[in-house]
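For reference, the chains in residue letters:
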Amino acid sequence: MFEVLPQLPADPILGLSAAYKQDTNPHKIDLGVGVYKDEQGRTPILQAVQKAQQILLANEDSKTYITQQGVQGYIDGMLSLILGAGHPALLENRVSGVQAPGGCGALRILAELLTRCDKDLTVWVSDPTWANHIPLIGNAGLTIKTYPYFDKANACIKFDQMTDCLSQVKKGDVVLLHGCCHNPTGADLTHEQWQTVLEIAQQTGFVPFIDIAYQGFGDGLEEDVYGVRLLAANLPEVIIAASCSKNFGLYRERVGLAAMITPNTQTRDITQSQIQNVARGIYSMPPSYGGALVDIILNDPELKSLWMSEVTDMRVRMQSLRAMLVNKLVEKGASKDFSFVNQQKGMFSFLCISPEQVDKLINEHSVYLVGSSRVNIAGISNQNVDALADALVAVL
Ligand code: LMR
């Protein structure tokens, strides 16, 4: 039966890791998949996570099933981290939520839930958006349309075009927004722009669906949730998908959160029953391990403060890598102004070079990046920045 299936190309992001591994060039540079790396190119387990693992190992006394929603301490801890502990929706018991297998799992079960609300629903995504948003949401059967977001020629957000488009979105449509550290561009909305998005949502009645996968990597753990909190405080319905892959470094443990702000407790209970039922029909319940670790960290003041300082270290290092690359490109006489890289936030930057130039970087210089020209800033180091800048100057 399988002979009817065609061979598929490698995943546009994950496939880069395999290509990088096969490359025998000793000077190869990996700026592909969004994984934090230290100066030595390693992705170590955070100290807070290591300590939480010891606590979990010493205290876990059963491997029986956990509850359908996942680790409740994890869900509560994450909701407080994202919304703030005193958020009215939390105090009024208007937020439903489940632990999900990664941010991807959260996006997918929320998309499945949306099809139960309206199978003809349209989800608007930014142009560009993270490549995997399309299958995660589209494969659930929802229609995907794009709103203008990034002006590649001028390396900035096309905010006027974005708002013109969002103003035409019909009531009940869903608009996917990146909470912070936009993937792939690194270009984030300002506070004023979030305010405008809120006003458009209030006028049109669209429902925001916020994907927040990099909290703490932009300007700080509190600063990065400005938009989510603003929308959640002023709209009756907001959908949230969050991930602990990056800020807790728990990539392979697949730790995510699917949450919904609802208008009242009754709708909260209904959506809670529905999202658990969606998950039950796909994977039953989430794996507990990663959520249990985050629960321990967020609910232990000492571990939480250690984790927060580790997030700060990662953020500050990535900011300094941006500056290092920009300065190096100036020093090497690059014919293009890359200073916009310093303004972009989080793990990614769009270099705003052509697909042909990307191909040359990969094939002639062994510099691995996503075809859109997205680079993982954390892959830059003191060791490779010269070679990277030389390669970029050569392909410009
Ligand atoms: C990325 O954007 O590189 C990461 O989120 C990894 C992935 O799954 O694509």
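Draft legend 1. Seen up close, the domain arrangement of the protein. With domains assigned, the protein is organised as domain 1 (11-46 + 316-395) and domain 2 (65-299). Using C-alpha coordinates to define each centre, domain 1 is positioned 28 Å away from domain 2. Carbon and sulfur atoms make up 63% of the surface buried where domain 1 meets domain 2, a total of about 1,700 Å² over both sides. It is Lys345, Phe348 and Phe350 in domain 1 that bury the most area against domain 2; as a group they hold 33% of the surface buried on that side. Seen at the junction of domain 1 and domain 2, the total is one salt bridge. Across the pair Lys345 and Asp219 runs a salt bridge, and its minimum N-O distance is 3.1 Å. Going through the elements one at a time, α12 (301-331) and β11 (348-350) are the ones with two or more residues in the side of domain 1 that touches domain 2. Of the residues assigned to the side of domain 1 that touches domain 2, the class counts are 12 nonpolar, eight polar and two charged.

Draft legend 2. Looking closely at the pattern of salt bridges. Evaluated as defined, the whole model comprises 15 salt bridges. For Lys328, the salt bridge identified is with Glu331, shortest N-O distance 3.6 Å. A residue pair is termed a helical-turn pair when its members lie 3 or 4 positions apart in one helix, as Lys328 and Glu331 do in helix α12 at three residues. Put simply, Lys328, Glu331, Lys332, Asp386 and Asp390 are held in one network by salt bridges that share partners.

Draft legend 3. Representation of a nonpolar patch on the surface in the model. Together, Met1, Phe2, Val4 and Leu5 make up a nonpolar patch on the protein surface, roughly 550 Å² of accessible area in all. Tracing the backbone through its elements, the reader meets Phe2 in the segment before α1 (14-22).

Draft legend 4. Local environment of the site of the ligand. Around the ligand, the neighbouring residues are Ile13, Val33, Gly34, Trp130, Asn183, Tyr214, Lys246, Phe348 and Arg374. At 3.0 Å from an oxygen atom of the ligand is found a side-chain nitrogen or oxygen belonging to Asn183. Lys246 places a polar side-chain atom, nitrogen or oxygen, 2.9 Å from an oxygen atom of the ligand. Here the ligand occupies the largest pocket. Here the residues of the shell around the ligand are counted per class, giving five nonpolar, two polar and two charged. A domain-level breakdown of the shell around the ligand finds at least three residues from each of domain 1 (11-46 + 316-395) and domain 2 (65-299).

Draft legend 5. Looking closely at the packing of helix α11 (residues 289-298) against α12. The N-to-C vectors of α11 and α12 enclose an angle of 105°; their axes lie 6 Å apart at closest approach. Taken together, the axes of α11 and α12 lie roughly perpendicular to each other. Across the interface between the two elements, Ile296, Ile297 and Leu298 of α11 pack against Leu303, Lys304 and Trp307 of α12. Of the residues that constitute the contact of α11 with α12, the class distribution is five nonpolar, no polar and one charged.

So, how was this worked out
- Residues numbered from 1 in each chain as written.
- Predicted model: local features only at pLDDT ≥ 70, side-chain atom pairs only at ≥ 80, totals over all residues.
- Heavy atoms only, no water.
- Domains from an automatic or database assignment.
- Buried area = accessible area lost by both parts, 1.4 Å probe.
- Salt bridge = Lys/Arg side-chain N within 4 Å of Asp/Glu carboxyl O.
- Helix = DSSP H or I, 4+ residues; strand = E, 2+ residues; numbered from the N terminus.
- Nonpolar A, V, L, I, M, F, W, Y, C, P; charged D, E, K, R; others polar.
- Patch = residues over 30% accessible without salt bridge, like charges linked within 9 Å, V, L, I, M, F, W, Y side chains within 5 Å.
- Areas by Shrake-Rupley, 256 points an atom, 1.4 Å probe, with all protein chains shown as cover.
- Near = heavy atom within 4 Å.
- Polar contact = N/O pair within 3.5 Å; in protein donor to acceptor, adjacent residues only side chain to side chain.
- 1 Å grid on protein atoms, 1.4 Å probe; cavity = no way out; pocket = protein on both sides within 12 Å on 5 of 7 lines; lining within 4 Å.
- Sits in = over half its atoms within 2 Å of the grid points.
- Axes fitted to C-alpha atoms, helices over the stretch in contact; angles between N-to-C directions.
- Parallel < 35°, antiparallel > 145°, perpendicular 65-115°, else oblique.
- Contact = heavy atoms within 4.5 Å.

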